[in-house]
Amino acid sequence: TIALAPLILSAKTFGSFSDQMAVVQSVTSASTKDFSRLNDRAKELGRTTSFTAAEVAAAMVALGRAGFSANEILAAIAGTLDLARAGALDLGEATTIMADVSRSFGLAADQTGLVGDVLAKTANIANTDVQLVGEAMKYVAASANLSGQSLERVSGALAVLANRGLKGEMAGASLAMVLTQLAGKD
């Protein structure tokens, strides 16, 4: 029985991966060719990163549910994994943050590397973490983008607020209110 343990574990992992990839195909309505590319990329990242192929596939599902197409998922997945590692986040949480921030600022999927870098840098230069920066972005990103503010500028403002004790939801809501008031003065 002990000799069969690796085979049983492998079958469980493969089953989980297959299940996740079936959801990826369903969520994205990927063509056969695109699905093959997604499948191959998930397996590759599962071999070459600290994440399993099943975890990568689950992140692909989350991106698909956020409206990313198969090609956008292929462009965004590596940046999403990088953000999870840099922010010491659960991959699901990193995926949600990445998708929300990218979409709120109207950024293309191939800019997720930039998004991850900016969020990680914000956490590294201020008294905050990526999770709290992501929480703040929920409240301020859309209004900041509508008022013409860049991701970098908003992140810098969140860093300043974090160093003064305002973090997460409070920082995002406060900054959103300031941007709304400034927009009303035009």
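Residue-level account of the overall build of the chain, with values.
A tally of regular secondary structure across the chain gives nine helices and zero strands. For the chain, the α and β elements follow one another from N to C terminus as α-α-α-α-α-α-α-α-α. Its C-alpha atoms give the chain principal-axis dimensions of roughly 70 × 35 × 20 Å. Long-range contacts, defined here as pairs at least 24 residues apart, represent 63% of the contacts in the chain between residues at least 6 apart. Summed over all atoms, the accessible surface of the chain reaches about 9600 Å², with 55% contributed by carbon and sulfur. Side-chain charges of the chain comprise 15 positive and 17 negative groups, with the mean position of each set lying 2 Å from the other.

Tell me about the packing of helix H7 (residues 130-146) against helix H8 (residues 151-162), and name the residues and values.
At their nearest, the axes of H7 and H8 sit 11 Å apart, and the two run at 130° to each other. The pairing of H7 with H8 is recorded here as oblique in orientation. Every pair of crossing elements has a handedness; the one defined by H7 and H8 is right-handed. Residue-level inspection shows Val133, Ala136, Met137, Val140 and Ala144 of H7 in contact with H8, the latter providing Leu151, Val154, Ser155 and Leu158. Of the residues belonging to the contact of H7 with H8, the class tally is eight nonpolar, one polar and no charged.

Outline empty space enclosed by the protein, listing residues and values.
Taken as a whole, this structure holds one cavity of 30 Å³ or more when the rule is applied. Put simply, the parts of the chain that give the lining of the largest cavity at least two residues each are H7, H8 and helix H9 (168-184). Its residues assigned to classes, the lining of the largest cavity comprises seven nonpolar, two polar and one charged.

If you had to explain the side chain of Thr95 to someone new, which residues and values would you point to?
Along the chain, Thr95 falls in helix H5 (residues 91-104). Not counting residues within four places of it along the chain, the set of residues in contact with Thr95 comprises Ala59, Ala62, Leu63 and Thr80.

Would you mind going over the packing of helix H3 (residues 53-65) against helix H4 (residues 70-86) in detail, with residue names and values included?
With their axes 10 Å apart at the nearest point, H3 and H4 run at an angle of 120° to one another. Taken together, the axes of H3 and H4 are oblique relative to one another. Judged by the sense of rotation from one axis to the other, the crossing of H3 with H4 is right-handed. Side by side, H3 and H4 meet where Val56, Ala59, Met60, Leu63 and Gly64 of the first sit next to Ile73, Ala76, Ile77, Thr80 and Leu81 of the second. Classifying every residue of the contact of H3 with H4 by side-chain character gives eight nonpolar, two polar and no charged.

Give a detailed account of H5, specifying residues and quantitative values.
Compared with the 20 Å implied by 1.5 Å per residue over 14 residues, the 20 Å span of H5 between its first and last C-alpha is a close match. Restricting attention to buried positions, one finds in H5 the residues Leu91, Ala94, Thr95, Ile97, Met98, Ala99, Val101 and Ser102. Buried residues belonging to H5 abut H3, H4, helix H6 (112-125), H7 and H8. With a side-chain oxygen lying 2.9 Å from the backbone nitrogen of Gly92, the N-terminal cap of H5 falls on Asp90.

So what about the nonpolar core? Which residues, and what values?
Formed by 54 residues in total, the largest nonpolar core has its most connected members in Met21, Leu38, Met60, Phe105, Met137, Val140 and Leu158. Excluding residues within four positions of it along the chain, Met137 makes contact with Val101, Phe105, Leu119, Leu151, Val154, Ser155 and Leu158.

Calculation rules
- Residues numbered from 1 in each chain as written.
- Predicted model: local features only at pLDDT ≥ 70, side-chain atom pairs only at ≥ 80, totals over all residues.
- Heavy atoms only, no water.
- Helix = DSSP H or I, 4+ residues; strand = E, 2+ residues; numbered from the N terminus.
- Contact = heavy atoms within 4.5 Å.
- Areas by Shrake-Rupley, 256 points an atom, 1.4 Å probe, with all protein chains shown as cover.
- Lys, Arg positive; Asp, Glu negative; His and termini not counted.
- Charge placed at Lys NZ, Arg CZ, Asp CG, Glu CD.
- Axes fitted to C-alpha atoms, helices over the stretch in contact; angles between N-to-C directions.
- Parallel < 35°, antiparallel > 145°, perpendicular 65-115°, else oblique.
- Left-handed = near helix turned anticlockwise from the far one by under 90°.
- Nonpolar A, V, L, I, M, F, W, Y, C, P; charged D, E, K, R; others polar.
- 1 Å grid on protein atoms, 1.4 Å probe; cavity = no way out; pocket = protein on both sides within 12 Å on 5 of 7 lines; lining within 4 Å.
- Points joined across faces, edges and corners; volume = space filled by probe spheres on them.
- Expected span 1.5 Å × (residues − 1).
- Buried < 20%, exposed > 50% of the residue type's maximum accessible area, 1.4 Å probe, protein only.
- Polar contact = N/O pair within 3.5 Å; in protein donor to acceptor, adjacent residues only side chain to side chain.
- Core = buried A, V, L, I, M, F, W, Y, C linked by side-chain atoms within 4.5 Å.

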